[in-house]
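# Results of the structural survey
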Amino acid sequence: MTLKLYYHPLSSFCQKALIAFYERDVPFEGVIVDLGDPAQRAALEALWPIGKFPVLGDEEKGVTVPEASLVVEYLDRARPGPPPMIPADADAALQVRLWDRLIDNYIHLPMQKVVGDSLRPEGSKDPHGVAEAKAQIARSWTILDAHLAKSGADWAAGKAFTLADCAAAPALFYGNVVRPFDGHAQVEAYFDRLIDRPSFARCIEEARPYWKFFPLEWPESYL
Ligand SMILES: N[C@@H](CCC(=O)N[C@@H](CS)C(=O)NCC(=O)O)C(=O)O
């Protein structure tokens, strides 16, 4: 086994990468990193100075791959096999990357902002930034809802499950906690498909023992 994934089961960006492993049953050695432990954080930073996970190590090739989208893309090349997370057709691949970027930048990162702010001590909170982040997520629900209605497809970038859906699953799961879907029927139906997908259902189950460390209240429907 030469693929090592440095991750934590509760981390949304790590779940994005894990989904791609589970979609194709790609074997890997998982290294759970506790960022609260200075030695483990230092070891992660030695691999990738930004100090964020997931990070993939391919020992056979001597390659380190940070950033969830790149981990998914690397897996497609290093362990090819159906279903590809990025289609071979260049135009289709562009759509997949577009929705991956939209979901990361306009749902996932604003969600992180809201969660991160809840961990700040009193006196250092950023209510204006949190309001902006929630408004951005709300706009994204509207945009995604219209996109899904127009495409009529089950998945974010068409008929096949791709990198865009790996991005969407945890972004919607945690995004809905900080800014609920609020009756966007297409987003809700898409979310139901994502949580029924065995790869993501497995991520949710693996994260569940760590839910107590999440700083916000889980929706009733998740419990
Ligand atoms: N752009 C990165 C973001 C990764 C990221 O933000 N990971 C979070 C966990 S979900 C993290 O490592 N946070 C630790 C920290 O910021 O100290 C990616 O796409 O992989």
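Because the structure is predicted, anything quoted here is derived from the model rather than measured.

## Concerning the domain arrangement of the protein chain
Assigned domains within the protein chain: domain 1 (3–78) and domain 2 (90–201). Taken together, the contact pairs 12 residues of domain 1 with 18 residues of domain 2. Between domain 1 and domain 2, the buried area comes to about 1,300 Å², and carbon and sulfur atoms account for 59% of it. Among the residues domain 1 hides against domain 2, the three largest losses belong to Phe-13, Lys-16 and Ile-19. Together they make up 42% of the total. There are four salt bridges connecting domain 1 and domain 2.

## Examining the nonpolar core
Grouped together as the largest cluster of nonpolar side chains are 69 residues, with contacts concentrated most on Phe-21, Leu-172, Phe-173 and Tyr-190. With 12 residues, helix 6 (residues 163–178) is the largest single contributor of residues to this core. Of the residues that make up this core, three or more belong to each of domain 1 (3–78) and domain 2 (90–201). Apart from the residues within four sequence positions on either side, Phe-21 is in contact with Leu-3, Leu-5, Val-26, Phe-28, Leu-56, Val-71 and Leu-75.

## Considerations on the pattern of salt bridges
Once their charged atoms are close, side chains differing in charge can pair, the charge on each being opposite to the other. Overall, the coordinates contain 14 salt bridges when judged by the stated rule. Where Lys-4 meets Glu-59, a salt bridge forms, and the shortest distance between an N and an O atom there is 3.4 Å. Here Glu-59 lies in the loop between strand 3 (55–58) and strand 4 (63–66) and Lys-4 lies in strand 1 (residues 3–7), a separation of 55 residues in the sequence. With a relative accessible area of 47%, Glu-59 lands in the partly exposed category. The residue Glu-206 makes a salt bridge to Arg-202 at a minimum N-O spacing of 3.1 Å. In this pair, Glu-206 and Arg-202 both sit in helix 8 (residues 198–207), four residues apart, roughly one turn of the helix.

Rules behind the numbers
- Residues numbered from 1 in each chain as written.
- Predicted model: local features only at pLDDT ≥ 70, side-chain atom pairs only at ≥ 80, totals over all residues.
- Heavy atoms only, no water.
- Domains from an automatic or database assignment.
- Contact = heavy atoms within 4.5 Å.
- Buried area = accessible area lost by both parts, 1.4 Å probe.
- Salt bridge = Lys/Arg side-chain N within 4 Å of Asp/Glu carboxyl O.
- Core = buried A, V, L, I, M, F, W, Y, C linked by side-chain atoms within 4.5 Å.
- Buried < 20%, exposed > 50% of the residue type's maximum accessible area, 1.4 Å probe, protein only.
- Helix = DSSP H or I, 4+ residues; strand = E, 2+ residues; numbered from the N terminus.

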